[in-house]
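The residues making up each chain are set out below.
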Amino acid sequence: SFNDIDTSAPLNEPNQVIYFGAPGTGKSHTVQGYTKDLPEGNVFRTTFHPDSDYSTFVGSYKPTKEKRPVRNVAGDIVKQNGQEVYEDAITYNYIPQAFTKAYIRAWQTKDPVFLVIEEINRGNCAQIFGDLFQLLDRKNNISEYPIKPDHDLGSYISEQFRKFGCVASENSAIFKGDELCLPANLYIWATLNTSDQSLFPIDSA
C-alpha cells in the first residue's frame, strides 16, 4: 500500500530543482555543496547530450563478455591438465544507468540520495524520461502517480530488491518491480545553461 510509504524527506529542501544560469555562476558548485558530504554510493551523476535517450538514462540489455567453461559434444566440461578450460562468451545482461541505480539505492536507505543531471537541456527530455515524467509529480514528497515499468526494468528491480531482502515489506508492489514510485529521500537536481543556444527546449509542464 502506498499509504505505508514514509513521506518524511531527510532534507529540508525540494525534491526536484533545476539550477539555471550562465556558465560560471555556480550551478554545479551549489549542487555539490549539498552532496559532497554524502556517502559516494548515495550520489549518482549523469550529463545529458543530444544522443541521450531512455536507455542511457534508465538502462537496457547490452552484450557483455563473460568467461564460461568449454564443453564437448557430450556436454561435459573440457579439462586440460586437470583444470577447466574457459572461453570468452557474449551474453546479454540488463545494465542499469543513473536513474535506476539512484532509484534502487533510495529504497534501500532512509538517507538522502541524489540523482544529479548536468546540462539537462542538452538532451531531449521527453525522449530521455519517457513515462518517468509522471513520477515527478509528487505529493507529500512521494510520486502521486506511480507507473508500471516495462518488463525488463521491472524484472531487474525485483531481482535487486530480492537480493537486499525487501520483498517481504508492506511495499511489495514496489519491491516486486510491479510499480515505480519515487520515495521521499530521492532528490533529482539538475543544472541548465541558459547561454547556450544549441539546446533542446524544456517542456514548461
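Here the structure is a predicted model, which is why all the values come from computation and not from measurement.

Rules behind the numbers
Residues numbered from 1 in each chain as written. Predicted model: local features only at pLDDT ≥ 70, side-chain atom pairs only at ≥ 80, totals over all residues. Heavy atoms only, no water. Helix = DSSP H or I, 4+ residues; strand = E, 2+ residues; numbered from the N terminus. Buried < 20%, exposed > 50% of the residue type's maximum accessible area, 1.4 Å probe, protein only. Phe/Tyr/Trp six-rings, centres within 6.5 Å; stacked < 30°, edge-to-face > 60°. Salt bridge = Lys/Arg side-chain N within 4 Å of Asp/Glu carboxyl O. Polar contact = N/O pair within 3.5 Å; in protein donor to acceptor, adjacent residues only side chain to side chain. Contact = heavy atoms within 4.5 Å.

Visitor: For this particular structure, what's the right way to read unusual backbone geometry?
Guide: Note on backbone geometry: most residues besides glycine have negative phi, and most peptide bonds are trans. Backbone geometry places Asn81, a non-glycine residue, at a positive phi of 55°. Summarising the element assignment, Asn81 is placed in the loop between strand E4 (79-80) and strand E5 (83-84). Using a relative accessible area of 76% as the deciding quantity, one classes Asn81 as exposed. Even without being glycine, Glu119 reaches a positive phi, approximately 55°. Mapped onto the fold, Glu119 is located in the loop between strand E7 (113-118) and helix H4 (125-129).

Visitor: How do you make sense of the packing of aromatic side chains when you look at a structure like this?
Guide: Any aromatic ring pair is given by two values, namely how distant the centres are and how the planes are angled relative to each other. Tallying each qualifying case throughout the model produces 14 aromatic pairs. Summarising the aromatic geometry, the rings of Trp107 and Phe175 are spaced 5.7 Å apart at their centres and angled 85° between planes, so their arrangement reads as edge-to-face. Of this pair, Trp107 sits in helix H3 (residues 98-108) while Phe175 sits in helix H6 (residues 172-175), placing them 68 residues apart in sequence. You can call Trp107 buried: its relative accessible area is 13%. Seen in terms of ring centroids, Phe114 and Trp189 are 4.9 Å apart; in terms of plane orientation they differ by 90°. Their pairing is edge-to-face. Of the two residues, Phe114 is situated in strand E7 and Trp189 in strand E10 (residues 186-193); the sequence distance between them amounts to 75 residues. Trp189 sits in the buried class, given a relative accessible area of 0%. Through a chain of ring-to-ring contacts, three or more aromatic side chains come together here, namely Phe48, Phe57, Phe99, Tyr103, Phe129 and Phe133.

Visitor: I keep staring at the environment of Ser155 and nothing clicks. Help me out?
Guide: Looking at the secondary structure, you find Ser155 in helix H5 (residues 151-164). Classification of Ser155 as partly exposed rests on a relative accessible area of 32%. Considered as a pair, Ser155 and Gly41 are 114 residues apart in the sequence and their alpha carbons are 22 Å apart.

Visitor: Would you mind showing me how to read the pattern of salt bridges here?
Guide: Pairing of side chains with opposite charge becomes possible as their charged atoms draw close. Enumeration over the complete set of coordinates arrives at 7 salt bridges. One salt bridge in this structure joins Glu118 and Arg45, with 3.9 Å as the shortest N-O distance. In this pair, Glu118 is assigned in strand E7 and Arg45 in strand E2 (residues 43-47), connecting sequence segments 73 residues apart. By relative accessible area, which is 16% here, Glu118 ends up buried. A relative accessible area of 44% places Arg45 in the partly exposed class. A salt bridge links Lys163 to Glu159, with the shortest nitrogen-to-oxygen separation between them at 3.6 Å. Placement of both Lys163 and Glu159 in helix H5 is noted, with a separation of 4 residues, approximately one turn of the helix. Take Lys163: its relative accessible area is 62%, and that puts it in the exposed class. You can call Glu159 partly exposed: its relative accessible area is 33%.

Visitor: Got a minute to help me understand the environment of Lys67 in this structure?
Guide: With respect to the element layout, Lys67 can be found in strand E3 (residues 59-69). The class for Lys67 is exposed, based on a relative accessible area of 58%. It is 29 Å that separates the C-alpha atoms of Lys67 and Arg105, two residues lying 38 residues apart in sequence. Within the structure, Lys67 has its side chain in polar contact with the side chain of Asp88 (distance 2.9 Å).

Visitor: Can you help me understand the side chain of Thr100 in this one?
Guide: Tracing the sequence through the fold places Thr100 in helix H3. Sequence-distant contacts of Thr100, defined by excluding residues within four places in its chain, comprise Phe57, Val58, Leu153 and Tyr156.

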